[in-house]
Amino acid sequence: MNGFGTKTDETLREMVQHGNDRYPFKYYLEDIWDFDFHRIDWHWHREMEMVYVKKGAAICRVGTDQMEIPEGGGLFINSGILHRFEAQGSAIIPNIVFSPALLASENSLLYEKYIRPVVDCATAFKVFRADVPWESEALRLLREVFALQAASDVRELATVRHLMELWQTLYEHLDLSETARDSQGPDLRQARLRIMMQFIHDNYARELTLEDIASSASVGKSSALNIFQSCIHLSPVAYLIQYRLSQAARFLCSTRETVTAIAGKVGFSNPGYFCRKFRQSYRMTPSEYRIKRS
């Protein structure tokens, strides 16, 4: 998981490598409140993600679903699922991102019998609640994994042992009867959404129309509107403006270019309009933001 400045490929998949080929596992400790807009924006990765809310409450958007996870709760996000996190106050979320190949090689019996059914199942995510016995056990194992990351001796071996127990808990309790391939509707919408979002990321600096955005995914304008609204509750143009502003914020921090130059650089032809939209979103002027972040 990461947030502001996340690097993605042409489908919004994170290009960040979580861990390495020898040990595809990474632990993060983050406060959602520290990110711009108090959110870790839309992204996906082939690895699994497991999150625990140590303090506060995290608002999670996974595909078209939204849920608030209270302190002490957790979340499993399956491979390839578009997701976002936000908060209304400090929300400290230790989390792990790992490849299921860490637990067994892809050509092994263990992978085919126990790993692949979870990876391929139609369950995009699972919220862990402390008052459900098996979910409480999953949370306990997750906390054990987090605690191990501060250790130096045999940390990797113990981590994998706990992850295997955690995986067995998922395998025994998730509904594995339907695979993601059996429900193409949501998957197709998400695929098209990722294509259109990445088209915006690649072309935000030039003039873009709704038709341009829709054409990138070979859909009509009404379909593009429907996909954006149903999946992320924003219109394509609203998402374009939001993304332009996030890039402007990045340039304000990383360059000494004038506000007018940055406005043009991110696709705003009118500097006054840019400053108004920036202030609406960030609750401060571009110049104030630059001073605060310097």
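Refer to the structure printed above.
Our subject in this report is the structure included herewith. Computed from a prediction, not measured in an experiment: that's the story for all the values here.

Criteria and thresholds
- Each chain has its residues counted from 1, following the order in which its sequence is written.
- Local features in this predicted model are restricted to residues of pLDDT 70 or higher, and side-chain atom pairs are both shown and tallied only at a pLDDT of 80 or more, whereas totals for entire chains, interfaces and linings draw on every residue.
- Only hydrogens and water are removed before side-chain values are computed, so all heavy atoms of the structure are retained for them.
- Comment: elements are numbered from the N terminus, with helices defined as DSSP H or I runs of at least four residues and strands as E runs of at least two.
- In this description the radius of gyration comes from C-alpha coordinates, and the expected globular size is given by 2.2 Å times residues to the power 0.38.
- Whether two residues touch is decided by their heavy atoms; if any such pair falls within 4.5 Å, the residues are in contact.
- All accessible areas in this document rest on Shrake-Rupley with a 1.4 Å probe, and a residue is counted as covered only by the protein chains that are shown.
- Here's how the labels work: a residue is buried when its accessible area is under 20% of the maximum for its type, exposed when over 50%, partly exposed in between, all with a 1.4 Å probe on protein chains only.
- Each nonpolar core is a collection of buried residues, namely Ala, Val, Leu, Ile, Met, Phe, Trp, Tyr and Cys, held together in the definition by side-chain atoms within 4.5 Å.
- Every case where a carboxyl oxygen of Asp or Glu lies within 4 Å of a side-chain nitrogen of Lys or Arg is listed as a salt bridge.
- What counts as an axis is a line fitted to C-alpha atoms, over the stretch in contact for a helix, and the angles between N-to-C directions run from 0 to 180 degrees.
- Relative orientations are named as follows: roughly parallel for angles under 35 degrees, roughly antiparallel for angles over 145 degrees, roughly perpendicular for angles from 65 to 115 degrees, and oblique for any other angle.
- Three classes are used: nonpolar for Ala, Val, Leu, Ile, Met, Phe, Trp, Tyr, Cys and Pro, charged for Asp, Glu, Lys and Arg, and polar for all others, with Gly counted as polar.

### So, the overall build of the protein
The number of helices and strands found in the protein is 10 helices and nine strands. Relative to the compact-globule value of 19 Å for 294 residues, the protein shows a C-alpha radius of gyration of 20 Å, a close match. By its C-alpha atoms, the protein is 60 × 40 × 35 Å across when sized along the principal axes. Sequence-distant contacts in the protein: of pairs separated by 6 or more residues, those separated by 24 or more amount to 69%. For the protein, the accessible area works out to roughly 14,300 Å², and carbon and sulfur atoms hold 49% of it.

### As for the environment of Leu 163
Of note, Leu 163 is situated in helix 3 (residues 155-173). Judged by relative accessible area, which is 2%, Leu 163 ranks as buried. Taking C-alpha positions, Leu 163 is 18 Å from Leu 109, a pair spaced 54 residues apart along the chain.

### Things to note about the nonpolar core
Formed by 39 residues in total, the largest nonpolar core has its most connected members in Leu 193, Met 196, Phe 228, Tyr 239, Phe 274 and Phe 278. Contributing elements (two or more residues each) for this core: helix 4 (184-203), helix 5 (210-216), helix 6 (221-232), helix 7 (236-254), helix 8 (259-265) and helix 9 (271-282). Broken down by element, this core gets its largest block of residues, nine residues, from helix 7. Leaving out residues up to four positions away in the same chain, Tyr 239 has contacts with Trp 42, Met 197, Ile 200, His 201, Phe 228, Ile 232 and Leu 234. Listed in part, the 29 residues of the second largest apolar core include Phe 76, Ile 96, Ala 138 and Phe 146.

### Considerations on the pattern of salt bridges
Per the stated rule, a full pass over the model turns up 12 salt bridges. The shortest N-O distance in the salt bridge between Asp 41 and Arg 84 comes to 3.9 Å. Of this pair, Asp 41 sits in strand 2 (residues 39-43) while Arg 84 sits in strand 7 (residues 83-86), and the two are 43 residues apart along the sequence. By relative accessible area, which is 10% here, Arg 84 ends up buried.

### Considerations on the packing of helix 7 against helix 9
Helix 9 packs onto helix 7 with a crossing angle of 90° between their chain directions and a minimal axis gap of 10 Å. Put simply, helix 7 runs roughly perpendicular to helix 9. Residues Ile 241, Leu 245, Ser 246, Ala 248, Ala 249 and Leu 252 of helix 7 lie in contact with helix 9, whose contacting residues are Tyr 273, Phe 274, Lys 277, Phe 278, Ser 281 and Tyr 282. Looking at the contact of helix 7 with helix 9, its residues break down into nine nonpolar, two polar and one charged.

### Description of unusual backbone geometry
Even without a glycine there, the phi angle at Ser 218 is positive, about 55°. With respect to the helices, strands and loops of the structure, Ser 218 is situated in the loop between helix 5 and helix 6. Residue Ser 218 is classed as exposed on the basis of its relative accessible area, which comes to 67%.

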